[in-house]
Amino acid sequence: MTVLVRDFRTEDAEAVTALRRVCVPHQVVTKEFVLFGVATANPAKKYRLLVAEEEGVIIGTAYTGIVYDSVEPGQSFVTPQVLPDRRGRGAGSLLLRTAEEHLAAEGASDVYVWVADEPTSLAFAARRGYRPTRGAHFQRLDLAGAALPEPPPLPPGFALRTAEDFADNPRPLFDADAESTSDVPSDISSELDDYEDWLHHTWNDPTLDRALSTVVVSADGRVASFTAAVTDGVATYVSGMTGTRRAFRGRGLAKLAKSDSLRRARAAGYTDAFTSNDGENGPMLAVNKWFGYEICASEVRHVRTLG
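What comes next concerns the included structure. (Residues numbered from 1 in each chain as written. Predicted model: local features only at pLDDT ≥ 70, side-chain atom pairs only at ≥ 80, totals over all residues. Heavy atoms only, no water.)

### As for the overall build of the chain
If you tally the helices and strands in the chain, you get eight helices and twelve strands. Viewed in the frame of its principal axes, the chain has a C-alpha envelope of about 65 × 40 × 35 Å. Counting the 307 residues in the chain, one finds 49% classified as buried. Of the contacts made within the chain by residues no fewer than 6 positions apart, 73% connect residues no fewer than 24 positions apart. As displayed, the chain has an accessible area near 14300 Å², and 51% of this comes from carbon and sulfur atoms. (Helix = DSSP H or I, 4+ residues; strand = E, 2+ residues; numbered from the N terminus. Buried < 20%, exposed > 50% of the residue type's maximum accessible area, 1.4 Å probe, protein only. Contact = heavy atoms within 4.5 Å. Areas by Shrake-Rupley, 256 points an atom, 1.4 Å probe, with all protein chains shown as cover.)

### So, the sheet that holds strand 11 (residues 272–278)
The strand order 1-2-3-4-5-12-6-11-10-9-8-7 describes an open sheet built from twelve strands, whose pairing is mixed. Each edge of the open sheet is held by one strand with a lone partner, namely strand 1 (3–7) and strand 7 (159–162). Between one strand and the next, the sheet's axes are offset by a mean angle of 25°, whatever the strand orientation. Strand contacts of helix 8 (residues 282–291): strand 6 (131–142), strand 10 (236–244) and strand 11, with the helix running at about 155° to strand 11, the strand carrying the most contacts. (Pairing = 2+ DSSP bridges. Axes fitted to C-alpha atoms, helices over the stretch in contact; angles between N-to-C directions.)

### A word on the nonpolar core
If you look at the biggest cluster of nonpolar residues, it comprises 21 residues, and the most contacted ones within it are Val78 and Tyr130. Listed by contribution, the elements that provide at least two residues to this core are strand 2 (48–54), strand 3 (57–66), strand 4 (75–82), helix 3 (91–105) and strand 5 (110–116). One finds Ala163, Leu199, Leu208 and Val217 within the second-largest nonpolar core, a separate group that totals 16 residues. (Core = buried A, V, L, I, M, F, W, Y, C linked by side-chain atoms within 4.5 Å.)

### So, the side chain of Thr17
Residue placement: Thr17 occurs in helix 1 (residues 13–23). In this structure Thr17 comes out as buried when scored by relative accessible area, which is 4%. Of note is the side chain of Thr17, whose polar atom sits 2.7 Å from the backbone oxygen of Ala13. With near-sequence residues (within four places) excluded, Thr17 lies in contact with Val29, Thr30, Lys31 and Val34. (Polar contact = N/O pair within 3.5 Å; in protein donor to acceptor, adjacent residues only side chain to side chain.)

Here it is as structure tokens:
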């Protein structure tokens, strides 16, 4: 049977959503999120969502584009995913090759891809010229059954808010996100400096649950720490990003923000909590271990230089 790769169509949204949920069950994927990503992509991203089809059935997908906010030009990404029972038929290779051709035509020099940390996937990447760079871990917490540790005390002068409280002016959250993101270990150094772009793609993300995203505010009203909650609206909760501004670190504020958000998520009926961390992000790995998160999957980032 012949496998073909083509660009995503709107009517593919449900099939792509279902496929991603099988391939990455530790992430939140909704139909609205898939459509949002295609419809609102920054033109500089040169974004394409590809699907692999066999006998009219979507068996794989890959999203790819340019890292347009990187401080180093020419950086790009691709994330191929194929249903487990449809692997070994050439879909992954065809998706990857199509993405690489697209990226090369758009001026990319290096392509980064996350690869599942298991022998078959690692061998697939190696055969295609990708070399490993760094690891990351997905972690799961049984939110329905876990005994969450008691939250640290709220320091004098600090207060807990939600992201929804910043609906009229999210700029303070953008500033905190930009500073925190710049300190996250990564192969690609990026600058979060476009507020309008952040509003468009982060603040308006349909999976961002502003009511469950906790913000710690200092006595003078500054955002000191935050945790962004991403949910499927049903049962799955994911920590999208947790950060503390440099001037407020070392006070346990990240624990406080996550503790508040997790407790409110459980009260809202969410049963599974997931998070992910770079393998070198010791502070956040320690925080998540304190909550009782356990590693459920690992990935290794790989890179290939085009040309």
